[in-house]
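A closer look at the structure
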Amino acid sequence: MDLNYTKEEQAFREEVRSFVHDNLPKDIADKVLHHKRLGKDDWVRWQKILFKKGWVAPNWPKEYGGCAWTPIQQHIFDEECGYAGAPRVMPFGLVMVAPVIQHFGSKWQKEYFLPRILSSEDWWAQGYSEPGSGSDLASVKTRAVRQGDHYIVDGQKTWTTLGQYADMIFCLVRTDTTVKKQEGISFLLIDMKSPGITVRPIITLDEEHEVNEVFFDNVKVPAANLVGDEGKGWTYAKFLLGHERTGIARVGESKRELEQLKAIAGKQLRNGKPLIEDPRFRDRVTAVEVELMALEITLLRVLSSRTKPGPEASILKIKGTDVQQALTELTMEAVGPYALPFRPEARDAAWKGEPVGPEYAASAAAVYFNYRKTSIYGGSNEIQRNIISQMVLGL
Amino acid sequence: MDFIFSDEQQQLRDSLQKYIAKEYGFEARKAIIAPKQGFSDKVWAQFADMGLLGVAFDEAHGGFSGTSVDTMLVMTELGRGIVVEPYFSTVVLGGSLVDLAGSEAQKQAVLPEVAQGKLLLAAALGEPDSRYELNCVETTARRDGAGYVLNGHKAVVLHGESADKLVVSARTAGGAREAKGISLFLLDRSAAGVAVQAYRTIDGMRAAEIRFSNVKVGADAVLGETDNALPVLERAADFAVSALCAEAVGAMEALNAATFEYLKTRQQFGRPIGSFQALQHRAVDMMIHCEQSRSLALLASVKVQSEDPNERKRTVSAAKIHIGRSGRAIGEEAIQLHGGMGVSNELAAGHYAKRLAMINATLGDVEHHFERYASAA
């Protein structure tokens, strides 16, 4: 057993660190570090920088432009980017739909879509959830009826993250209502500019526009946009959900947030002394720090095992989001009464108004409420527990 | 980065695991605990034969020059069997105190005997008012000619009565809580003036209050540097804590396995109770507690060797915090999920819960290590 990174891994970390240091635009990093609002341009700019370096799709096979990194390298990359305040690479195209197209897509789909995903020319959205189909994903109702060379799509998707920017959306649609619910599902790639598509914002608790409802009314989709076989969508959906596991723990970002929390608690006073020296508060911070230390080793254990991460990876989702949420909670508590002032305009980096309270307090409560999503999305933490219970414990 | 144990390590683990599974079932353990000594000489001799008692010591001292990871592997298996033999007090804590603080002559006199199973040690560190603070030493060792005279009261000394030799912390200078002025002494438990009040512990082990009245020892009884034993005491204690964490992980694994098995077999309302989601999710949380604790026990077993004392202290304390909390949570949930059977002394589950709770109360509980973690920042 050796818990040290190899020389090569350490060198790789240095390489990533100095690349991120030299190339991550300061205005973008500032937004991430201070929880300012990010726009489409911020994500796309960073992704194009990574694309130029050849690092935007490390999870892809080499022949498609991937990096063939080891899981540990991938983790180092995620950790360094997260720690430095790089925006998260939008997963919908690069991490989610691309592997599905690579494995199950047609020659044309591969040739047309993959380069556009790689270069961030197309912004993708995920069309899985529906109003009546959350954790029970196989119950999707959005209908796609074959008419000649096209499908006609009717229905509604929801919780579509940043769908307002999307050029394309991958959807689970029902193509057959007469068979078992898992068997009547197909996987369609739909152009967001198609007539009949309406995007309506859902405003979340922080009054931000991050998610959307997407309505499909008689939308004509070329049959060439069907991935793989009709009726096999559920298989592809499961493949997609099981594909991306390494980034889920968000260790780098949580380390960064922990450091910021400690810095904030070092500035805030309680009884005339820094809050971080108050044993009651300090020990709560330590409890999260300890959990994060454990999480990092648990993640490395999963990544180092010779076998592909299985259902144990659900631990990473549960604990990773526990830690993220605990950090936002403590940060909100650390700023005390300055958690109250709510000024969404102050989250715009260009805003020049007079601040209220310390800058770090401005978004603390908003982020806390925003992060309630983490234990719900990507398969709620209860679903993760079901997975472990059935697949690992055999209950 | 790899989490793979060497062939030798796997062999060590497997052979011990097999031995305990075969010879150390719940009924066998009950029989071992019952007599006054509270453990089995036969098991101890077999541990010696298996080479377990010298794992951590140098070959020059009759050992196998193993690492802290080897000790971790052994302790995890002992935890899995809630083994009551004095491995922790003799080999881990007593042995490492002698190994870290002792002169070459002292090591030669003690460690080979320990490795052969001929000598038992106990570490008499805590006192009635010290809780878990190693610097809190009121027992005195007054200079007396060439030697010393010891007076004081050491509390909850694990396996104190069965020990042949005691490692005792005593004050040779300074006030009751001062870091400086502590020295270690190695002396015979049977020395004149040593009074032992032995008792059972709730987790099936033995311990004792040991009182020293005018116990005379020679200058050669001093273990390590006079007046400056605290750093080495802390190092040995950290090693011992990392071993306890490993033991706890073994106990958690066994207790979880027993609980999950019970959930699969116990029928109510015509179905196994493990089919109820309310219980499934609690079982998953038990499993996650165990896996996170295992991660920190692994980390502690490596970082306990760190040259940087703050890194060592932080990692070990982090592990002990996590294990204290997880051990309590798993113990309580295991009892609850076993229903009425969980509170019966006839079932192994409760005995695991007892051991896990007592590990928290050994060498620093959660609160203690929270404070220590902060002080090592």
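Criteria and thresholds
Residues numbered from 1 in each chain as written. Chains lettered and ligands numbered in written order. Predicted model: local features only at pLDDT ≥ 70, side-chain atom pairs only at ≥ 80, totals over all residues. Heavy atoms only, no water. Patch = residues over 30% accessible without salt bridge, like charges linked within 9 Å, V, L, I, M, F, W, Y side chains within 5 Å. Areas by Shrake-Rupley, 256 points an atom, 1.4 Å probe, with all protein chains shown as cover. Salt bridge = Lys/Arg side-chain N within 4 Å of Asp/Glu carboxyl O. Helix = DSSP H or I, 4+ residues; strand = E, 2+ residues; numbered from the N terminus. Buried < 20%, exposed > 50% of the residue type's maximum accessible area, 1.4 Å probe, protein only. Core = buried A, V, L, I, M, F, W, Y, C linked by side-chain atoms within 4.5 Å. Contact = heavy atoms within 4.5 Å. Expected span 1.5 Å × (residues − 1). Phe/Tyr/Trp six-rings, centres within 6.5 Å; stacked < 30°, edge-to-face > 60°. Lys NZ or Arg CZ within 6 Å of the ring centre and 35° of its normal. 1 Å grid on protein atoms, 1.4 Å probe; cavity = no way out; pocket = protein on both sides within 12 Å on 5 of 7 lines; lining within 4 Å. Points joined across faces, edges and corners; volume = space filled by probe spheres on them. Nonpolar A, V, L, I, M, F, W, Y, C, P; charged D, E, K, R; others polar. Buried area = accessible area lost by both parts, 1.4 Å probe. Domains from an automatic or database assignment. Polar contact = N/O pair within 3.5 Å; in protein donor to acceptor, adjacent residues only side chain to side chain.

With that out of the way, let us pick up a nonpolar patch on the surface. Residue and element names in this part refer to chain A. Nonpolar side chains collect at one region of the surface, where Ile387, Met391 and Val392 lie side by side and expose about 250 Å² of accessible area between them. Mapped onto the fold, Ile387 is located in helix α12 (residues 381–392). The exposure class of Ile387 is partly exposed, given its relative accessible area of 30%.

Another point: the nonpolar core. Among the nonpolar cores identified, the biggest contains 221 residues, and A:Phe170, A:Phe187, A:Leu189, A:Ile190, B:Phe47 and B:Tyr87 are the most heavily contacted of them. The dominant element in this core, judged by the number of residues it contributes, is helix α7 (residues 230–265) of chain B, at 21 residues. When near neighbours in sequence (up to four residues on either side) are disregarded, A:Ile190 contacts A:Val153, A:Asp167, A:Met168, A:Ile169, A:Cys171, A:Ile197, A:Phe216, A:Val219 and A:Val221. In terms of nonpolar packing, the next biggest core, distinct from the first, is built from 20 residues, B:Val157, B:Ala170, B:Phe185 and B:Ala221 among them.

All names here are of chain A. For helix α4 (residues 71–84), built from 14 residues, the straight-helix expectation of 20 Å at 1.5 Å per residue is met to within 8% by its first-to-last C-alpha distance of 20 Å. Among the 14 residues of α4, 10 are classified as buried, and the element is accordingly described as predominantly covered. Lining the buried residues of α4 we find α1 (7–23), α3 (40–53), α8 (251–267) and α9 (279–304). Gly85 sits one or two residues past α4 and shows a positive phi near 90°.

What follows is about the packing of aromatic side chains. Residue and element names in this part refer to chain A. One pass over the full model with this rule turns up 23 aromatic pairs over all chains. On the basis of an interplanar angle of 75° and a centroid distance of 5.5 Å, the ring pair of Phe113 and Trp124 is categorised as edge-to-face. Note that Phe113 is positioned in helix α6 (residues 107–118) and Trp124 in strand β1 (residues 124–127), a separation of 11 residues in sequence. Among the residues examined, Phe113 registers a relative accessible area of 1% and is labelled buried. Take Trp124: its relative accessible area is 2%, and that puts it in the buried class. One cation-aromatic arrangement involves Arg13 over Tyr5; the distance from NZ or CZ to the ring centre is 5.0 Å. Residue placement shows Lys373 over the ring face of Tyr371; its charged tip is 5.8 Å from the ring centre.

Estimated volume of the second largest pocket: approximately 780 Å³. Within the residue set of the lining of the second largest pocket, elements represented by two or more residues are α1, α4, α8 and α9 of chain A together with α8 (277–303) and α9 (309–337) of chain B. Here the lining of the second largest pocket takes six residues from α9(A), the largest share from any one element. Looking at the lining of the second largest pocket residue by residue, the class counts come to 11 nonpolar, two polar and 12 charged.

The next point concerns the interface of chain A and chain B. On the chain B side, the residues contacting the 36 residues of chain A number 38 residues. Summed over both partners, the interface of chain A with chain B comes to about 3500 Å²; 68% of that surface belongs to carbon and sulfur atoms. Of all residues in chain A, A:Met1, A:Arg301 and A:Leu395 give up the largest surface area on contact with chain B, accounting jointly for 22% of the area buried on that side. There are three salt bridges connecting chain A and chain B. A:Arg301 is the partner of B:Glu291 in a salt bridge, and the nearest nitrogen-oxygen pair spans 2.4 Å.

This paragraph deals with the domain arrangement of chain B. Residues and elements named next belong to chain B. For chain B, the assigned domains read domain 1 (7–119), domain 2 (122–228) and domain 3 (231–375). Measuring from the centre of the C-alpha atoms in domain 2 to the corresponding centre in domain 3 gives 30 Å. Listed by partner, the interface residues are 13 residues for domain 2 and 16 residues for domain 3. Counting the surface domain 2 buries against domain 3, the share from its top three residues, Tyr132, Leu134 and Asp203, is 52%. Run the count over domain 2 and domain 3 and you get two salt bridges. Across the pair Asp203 and Arg355 runs a salt bridge whose closest N-O atoms are separated by 2.7 Å. Here domain 2 is connected to domain 3 by two residue pairs in polar contact (both at pLDDT 80 or more). Grouping the amino acids of the side of domain 2 that touches domain 3 by side-chain chemistry returns eight nonpolar, two polar and three charged.

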